[in-house]
Amino acid sequence: MPGPARRAGVTPGADPLWPQASPGEHRRRVPTLGVTMQAPSVFAHAEQEGFEQVAFCHHAPSGLRAIVAVHSTALGPAVGGTRFLPYATEADALADVCRLARGMTYKHAVSGLDAGGGKAVIIGDPATTRSEALIRAYARFIDGLAGRYLTAEDVGTTQADMDLIRRETPYVTGVSESLGGSGDPSPATAWGVRCALDAVAERLWGTADLGGRHVVVSGVGKVGSALVDHLIEAGARVTIADVSPAAIAAVRVRHPDVTVVDPAEAHRTECDVFSPCALGGVLSGVTIPELHCAAVCGSANNQLTTSTDGQAIVDRGVLYAPDYVVNAGGVINIAEERHPSGAPYDRDRAHARVAGIADTLRTVLARADADGIPPGEAADRTAEDRLAAISAVARLRGSPRPSA
Ligand code: NAD
């Protein structure tokens, strides 16, 4: 697999149809949202953007319409979740799956995992379209990819779906613990954010001690609420925000002393660390000038709105811990299901490995210093270097790897 292709003439963030910055996007682009895709342009984009395979899965009896994008298998089988959403157009679905698959390549690469980048989307409203037949038909398409792509849970799919997929194919991760899987990845993701904060604190204050530090957690769902538990245990002062009163209440039952702010005020709150753990796109030309924190470090995906926002945060004097480095706990946890020794999944071993996120972040921040670039770009370069280096190793012929 060649290293990521470079495309000349791309102005970062200039395309209003494709506003969100994601890994590597400052140099490479994906099919634009809202543009009707002609059949030949699908191939053109796949080639131009360096995708190995884009598979369209159609099964009329169950109503299945799905797309699987395999961006890269340079480091191992492509791993990424299945998103089940009622996309407005097929072009939107294609754009989303390609963007997300590329992001997985970068996340796995920077995290040192032997996994490539892939993603899948099922087009439809899961509330009305999901059926046993549809999920099992989808699983058979996954099986047909013969292990090139391993799926997992994502927005709109559930662990029950993964368990159902497991009945048709072994190429699924994150199944229930009773089936030998690693279960819900959120605790591992939260632990990864907590470990990333060690590296952030060391860099800013010369110690990993969070005692007395003020952290604002915006979004206290599965990841954010578990992060609050870790922060309280570490002696931090915590402020939370969420659009869901139930989510706030659930945290306050455990931690009555946490302060609550309106979600719209979260990023403006004066604090040591702002931790976005809700939606993407939280850092923009509007919100970055309003930040009153020393660092941003949270689990939300695609926190930067455009590819120029990374430099804007630097200019604001705020340390940005790149989202896909910080939130890799879930994929590191899932990778432990496929341990090279063949040993079964072990939560303690997985969480020990997740703790390595602190070292990954230290490496990325050091690279940002050395190259004089924003941390997000340093993460991209670190991932791209590993992809290129391991691709070169793969060209050395030998006996097949045990897991191949
Ligand atoms: P979740 O749905 O359990 O929690 C999200 C929370 O954010 C909810 O409580 C929701 O009410 C709240 N929220 C929604 N809009 C908000 C807003 N504008 N302001 C404040 N709060 C808002 O999701 P999660 O699994 O905890 O994931 C959180 C983020 O982390 C997402 O961006 C997700 O993509 C990312 N992430 C999660 C994992 C994982 O293992 N779950 C792994 C990697 C990345």
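Residues numbered from 1 in each chain as written. Predicted model: local features only at pLDDT ≥ 70, side-chain atom pairs only at ≥ 80, totals over all residues.

## Describing the overall build of the protein chain
Part 1 of the reasoning: Across its full length, the protein chain holds 14 helices and 11 strands.
Part 2 of the reasoning: Expressed as a percentage of the 404 residues in the protein chain, the buried residues total 51%.
Part 3 of the reasoning: Within the protein chain, contacts between residues at least 6 apart in sequence are counted, and of these 66% link residues at least 24 apart. (Helix = DSSP H or I, 4+ residues; strand = E, 2+ residues; numbered from the N terminus. Buried ≥ 20, exposed ≤ 12 C-beta atoms within 10 Å, placed from the backbone. Contact = placed C-beta atoms within 7 Å.)

## Things to note about the pairing of strand β5 (residues 149-153)
Part 1 of the reasoning: Of all five residues that make up β5, five are buried, and the element is covered over most of its length.
Part 2 of the reasoning: When strand β3 (residues 78-85) meets β5, the two strands line up parallel, connected through five bridges. Among the inter-strand pairings, V79 is bridged to a residue of β5, identified as L150. (Pairing = 2+ DSSP bridges.)

## Observations regarding unusual backbone geometry
Part 1 of the reasoning: Positioned with a positive phi, A146 is a non-glycine residue whose angle comes to about 55 degrees.
Part 2 of the reasoning: Tracing the chain through its elements places A146 in the loop between α4 (132-144) and β5.
Part 3 of the reasoning: Accessibility expressed as a C-beta count within 10 Å gives 10 for A146, which makes it exposed.

## Regarding the site of the ligand
Part 1 of the reasoning: In the neighbourhood of the ligand, 25 residues make up the surrounding shell, with G219, G221, V223, P263 and A278 lying closest.
Part 2 of the reasoning: Contributing elements (two or more residues each) for the shell around the ligand: α6 (186-205) and α7 (222-233).
Part 3 of the reasoning: Examining the composition of the shell around the ligand, we find that three residues originate from one element, α7, more than from any other.
Part 4 of the reasoning: Broken down by class, the residue content of the shell around the ligand amounts to 11 nonpolar, 12 polar and two charged. (Near = placed C-beta within 6 Å. Nonpolar A, V, L, I, M, F, W, Y, C, P; charged D, E, K, R; others polar.)

## Observations regarding the sheet that holds strand β4 (residues 116-123)
Part 1 of the reasoning: What the five strands build is an open sheet, ordered β1-β2-β4-β3-β5; its pairing is mixed. Every other strand in the sheet has two partners, leaving β1 (53-59) and β5 as the edge strands with one partner each. The sheet shows a mean angle of 25 degrees between the axes of neighbouring strands, direction not considered.
Part 2 of the reasoning: Sheet strands touched by helix α2 (residues 90-110): β2 (64-72), β3 and β4. Its angle to β4, the strand with the most contacts, is close to 155 degrees. (Axes fitted to C-alpha atoms, helices over the stretch in contact; angles between N-to-C directions.)

## Structural notes on helix α13 (residues 357-371)
Part 1 of the reasoning: With 15 residues, α13 should reach 21 Å at 1.5 Å per residue; the first-to-last C-alpha distance of 21 Å fits that figure.
Part 2 of the reasoning: Listed as buried for α13 are I357, A358, T360, L361, V364, L365 and A368. Around the axis of α13, the buried residues are gathered within 160 degrees of arc, so they sit on the same side. Turned more than 90 degrees from where α13 packs its buried face, D369 and A370 sit exposed.
Part 3 of the reasoning: For α13, the secondary structure elements touched by its buried residues are α2, α6, α10 (323-326), α11 (329-335), α12 (347-354) and α14 (375-394).
Part 4 of the reasoning: Just downstream of α13, G372 is the residue with a positive phi angle, here 65 degrees. (Expected span 1.5 Å × (residues − 1). Arc of directions from axis to C-beta.)

## Section: the sheet that holds strand β11 (residues 319-320)
Part 1 of the reasoning: In spatial order, the strands read β8-β7-β6-β9-β10-β11; together these six strands make up an open sheet with parallel pairing. Since the sheet does not close on itself, it has two edges, and those belong to β8 (259-260) and β11, each with one partner.

## Focus: the packing of α6 against α13
Part 1 of the reasoning: Direction vectors running N to C along α6 and α13 enclose 40 degrees, while the axes themselves pass 8 Å from each other. Classified by the interaxial angle, the pair formed by α6 and α13 is oblique. When the axes of α6 and α13 are compared, the crossing they make is right-handed. Contacts from G192, C195, A196, D198, A199 and R203 of α6 reach α13 at I357, A358, L361, R362 and L365.
Part 2 of the reasoning: Residues of the contact of α6 with α13, tallied by class, amount to seven nonpolar, one polar and three charged. (Parallel < 35°, antiparallel > 145°, perpendicular 65-115°, else oblique. Left-handed = near helix turned anticlockwise from the far one by under 90°.)

## Topic: the packing of α13 against α14
Each packed pair of helices is defined by two parameters, the angle between the axes and the distance between the axes.
Part 1 of the reasoning: α14 packs onto α13 with a crossing angle of 105 degrees between their chain directions and a minimal axis gap of 8 Å. When the axis of α13 is compared with that of α14, the two are roughly perpendicular. Contacts between α13 and α14 involve T363, V364, L365, R367, A368 and D371 on the former and, on the latter, P375, A378, A379, R381 and T382.
Part 2 of the reasoning: Looking at side-chain class alone, the contact of α13 with α14 contains six nonpolar, two polar and three charged residues.

## Focus: the pairing of strand β9 (residues 273-276)
Part 1 of the reasoning: Both faces of β9 are covered, namely the face carrying V273 and S275 and the face carrying F274 and P276.
Part 2 of the reasoning: Where strand β6 (residues 214-218) lies against β9, four bridges are found, and the strand directions are parallel. From the neighbouring strand, V217 faces β9, where its bridge partner is S275.
Part 3 of the reasoning: Both β9 and strand β10 (residues 295-296) contribute to a ladder of two bridges, which runs parallel. For F274, the partnering residue across the bridge sits in β10 and is V296.

## Focus: the confidence of the model for the protein chain
For any part of a model where pLDDT is low, the fine detail of the predicted coordinates should not be relied upon.
Part 1 of the reasoning: Mean pLDDT over the protein chain: 89, with 89% of residues reaching 70 or higher.
Part 2 of the reasoning: Here residues 1-19 scores under 50 on pLDDT; set against residues more than four positions off or in separate chains, the count is 45 contacts.
Part 3 of the reasoning: For the stretch residues 26-40, pLDDT sits under 50, and the model shows 43 contacts to residues farther than four places along the chain or on other chains. (pLDDT = per-residue confidence, 0-100.)

## With respect to the environment of V326
Part 1 of the reasoning: Following the sequence through the fold, V326 ends up in helix α10.
Part 2 of the reasoning: Spatially, the C-alpha atoms of V326 and A190 are 9.3 Å apart, while their sequence positions differ by 136 residues.
Part 3 of the reasoning: Once residues within four sequence positions are removed from consideration, V326 is found in contact with G192, V193, A196, C297, G298, S299, A321, I357 and L361.

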